[in-house]
Amino acid sequence: MALYLITGIGGFIGSSLARALLSRGEQVRGVDNFATGRRENIAEILDGIDFREADLLDLNAMKKACAGADYVLHQAAIPSVPKSVLDPLGSNRANVDGTVNVLVAARDAKVKRVVYAASSSAYGDTPTLPKHEGMAPNPISPYAVAKLASEHYMTSFYRCYGLETVSLRYFNIFGPRQDPSSPYSGVLAKFIMQMLRGEQPTIFGDGEQSRDFTYIDNAVEANLLACKAPAAQAAGEMCNVATGRRVTLNETFRALQRLTGYSGEPKYGHERGGDIKHSLADISKAEARLGYKPKVGFEEGLQKTVEWYRGRGA
Ligand code: UD2
């Protein structure tokens, strides 16, 4: 049994990781400041975890949180492209300064490995598809820059201090517990909630932008594999975590119409600043280095997600 520290445990991905680890009999410690995480995401598991309400920017709290931990799954962030465009300083503080604090604390506590929630936004709007890790990054939004900077910090801590790190470039993770209620929420959580309520969703742009939407179970699996993959293959590396398939927002809207029963049409609005047009991953590096294979495809994931929100009374 190992002790895992999850930063951002109140978030959608952090709380999903906590559940998966608990079901495998692992020990879980978590920190969150509830800037974007939610208490209800961990309410049911609170008794089974060592939870500490703390901010990433509090180095002392991060040192205490890392003490005795075997692995750190660093998920805490302010995860939004448009929010970072409005508030680049806030994005940088949480997503870069916060990460460096976690790394310093993890290094000093001699944890075995840090796995980091990096982002596909690092690739930016380069025309080449699919995106592979050998490509030069080309971030557009402050969020993308911050996520990429933190990835470099991960590798730097491996090179300079021997702290093993793995960065997972998440491609639009979705699933149950993703917060649908903020204007900065991920598009699938937002659309599912709106369509179940009979509200008209707005597509920013012409809807022909595409994403490699990835169901949460695949991201959870990638984290668990990243902790255990041999250091010679994984330490200091970054890998795409995705499905290797892309769908447009228009196609996604049609699929959601079928699943939610929403019969209206979407509204089309202005394109969103900082957005990229197409995103699709090459997942061969994660396959080779981590033994990763996506287990749940887009349609199945979408169905499970709609069912979850429906079960919550949307
Ligand atoms: C980026 C990253 C993703 C993750 C995420 C964290 C890319 C390709 N992906 O997601 O991996 O790090 O940031 O926030 O950079 N949209 C609408 N209507 C809405 C909301 C969104 O049309 O009400 C559009 C939006 O303009 C975009 C697409 O849906 O074209 C996806 O937006 P999103 O905010 O769900 O995720 P994205 O791609 O910015």
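Here is what the cut-offs are and how they apply
Residues numbered from 1 in each chain as written. Predicted model: local features only at pLDDT ≥ 70, side-chain atom pairs only at ≥ 80, totals over all residues. Heavy atoms only, no water. Buried < 20%, exposed > 50% of the residue type's maximum accessible area, 1.4 Å probe, protein only. Helix = DSSP H or I, 4+ residues; strand = E, 2+ residues; numbered from the N terminus. Pairing = 2+ DSSP bridges. Right-handed = clockwise from strand over helix to strand, strands pointing away. Axes fitted to C-alpha atoms, helices over the stretch in contact; angles between N-to-C directions. Parallel < 35°, antiparallel > 145°, perpendicular 65-115°, else oblique. Left-handed = near helix turned anticlockwise from the far one by under 90°. Contact = heavy atoms within 4.5 Å. Nonpolar A, V, L, I, M, F, W, Y, C, P; charged D, E, K, R; others polar. Core = buried A, V, L, I, M, F, W, Y, C linked by side-chain atoms within 4.5 Å. Polar contact = N/O pair within 3.5 Å; in protein donor to acceptor, adjacent residues only side chain to side chain. Near = heavy atom within 4 Å. Areas by Shrake-Rupley, 256 points an atom, 1.4 Å probe, with all protein chains shown as cover. Phe/Tyr/Trp six-rings, centres within 6.5 Å; stacked < 30°, edge-to-face > 60°.

Any chance you could explain the pairing of strand β5 (residues 113–119) here in plain terms?
Among the seven residues of β5, seven are classified as buried, and the element is accordingly described as predominantly covered. Here β5 shows a buried face lined by R113, V115, A117 and S119 and a second buried face lined by V114, Y116 and A118. Examined bridge by bridge, β5 and strand β6 (residues 164–170) share seven bridges and lie parallel to one another. When the sheet's bridge partners are listed, S119 is paired in β6 with Y170. Since β5 and β6 lie parallel, the crossover through helix α6 (residues 142–161) that links them has a hand, and here it is right-handed.

What is the right way to look at the packing of helix α5 (residues 88–108) against α6 in this model?
Relative placement of two packed helices is described by the angle separating their axes and the distance separating the axes. For the pair α5 and α6, interaxial distance at closest approach is 9 Å and the crossing angle is 15°. Between α5 and α6, the interaxial angle falls into the category roughly parallel. Crossing of α5 over α6 shows right-handed handedness. The segment α5 lies against α6, with P88, S91, N95, V96, T99, V100, L103, V104 and R107 engaging P142, Y143, A146, A149, S150, Y153, M154, F157 and Y161. Its residues assigned to classes, the contact of α5 with α6 shows 13 nonpolar, four polar and one charged.

Can you walk me through the nonpolar core in this structure?
The tendency in soluble globular proteins is for nonpolar side chains to be buried as a group. Ranked by internal contacts, the top residues of the largest apolar core, which has 63 residues, are I6, L73, L168, Y170, L256, L290 and L302. The greatest single-element share of this core, amounting to seven residues, is contributed by helix α8 (residues 216–228). Apart from residues lying up to four places away in sequence, L256 is in contact with L188, F191, I192, M195, G261, L302 and V306. Listed in part, the 24 residues of the second largest apolar core include V31, A61, V72 and Y116.

I would appreciate a short explanation of the side chain of N218 in the present structure.
With respect to the element layout, N218 can be found in helix α8. A polar contact is formed between the side chain of N218 and the backbone nitrogen of K295, at a distance of 2.7 Å. In terms of polar contacts, N218 uses its side chain to reach the backbone carbonyl oxygen of V296, at 2.8 Å.

Help me understand the site of the ligand in this model?
The environment of the ligand is made up of 24 residues, and the closest members are P79, Y143, V187, R211 and D275. Backbone polar atom of P79 to an oxygen atom of the ligand: 2.7 Å apart, as the coordinates give it. Contact between the ligand and K190: an oxygen atom at 2.8 Å from a side-chain N or O atom of the residue. Notes on the ligand: free accessible area 750 Å², of which the protein chains cover 92%. Elements that contribute at least two residues to the shell around the ligand include exactly α7 (187–196) and β8 (202–204). Taken together, the residues of the shell around the ligand break down into 11 nonpolar, nine polar and four charged.

Quick question: what am I supposed to make of the packing of aromatic side chains here?
The description of two aromatic rings rests on the distance between their centres and on the angle between their planes. Per the counting criterion, the structure on display carries 10 aromatic pairs. Judged by centre distance (5.7 Å) and plane angle (65°), the rings of F174 and Y215 are edge-to-face. Of this pair, F174 sits in strand β7 (residues 173–174) while Y215 sits in strand β10 (residues 214–215), and the two are 41 residues apart along the sequence. The pair formed by F174 and Y215 is uniform in burial state, with each residue classed as buried.

Which parts of the structure should I look at to understand the sheet that holds strand β3 (residues 50–53)?
What links the strands of a sheet is backbone hydrogen bonding, and the strands pair in either a parallel or an antiparallel sense. Judged by pairing direction, the sheet is parallel, and its seven strands sit side by side in the order β3-β2-β1-β4-β5-β6-β11 without closing on themselves. Only two strands of the sheet have a single partner each, and these edge strands are β3 and β11 (237–241). Going across the sheet, the axis of each strand differs from the next one's by a mean of 20°, ignoring polarity. In this structure, strand β2 (residues 27–32) lies alongside β3, joined through four bridges in parallel fashion. Paired with D32 across the strands is E53, a residue of β3. Contacts from α6 reach β4 (71–74), β5, β6 and β11 within the one sheet, and its direction differs from that of β5 by about 160°.

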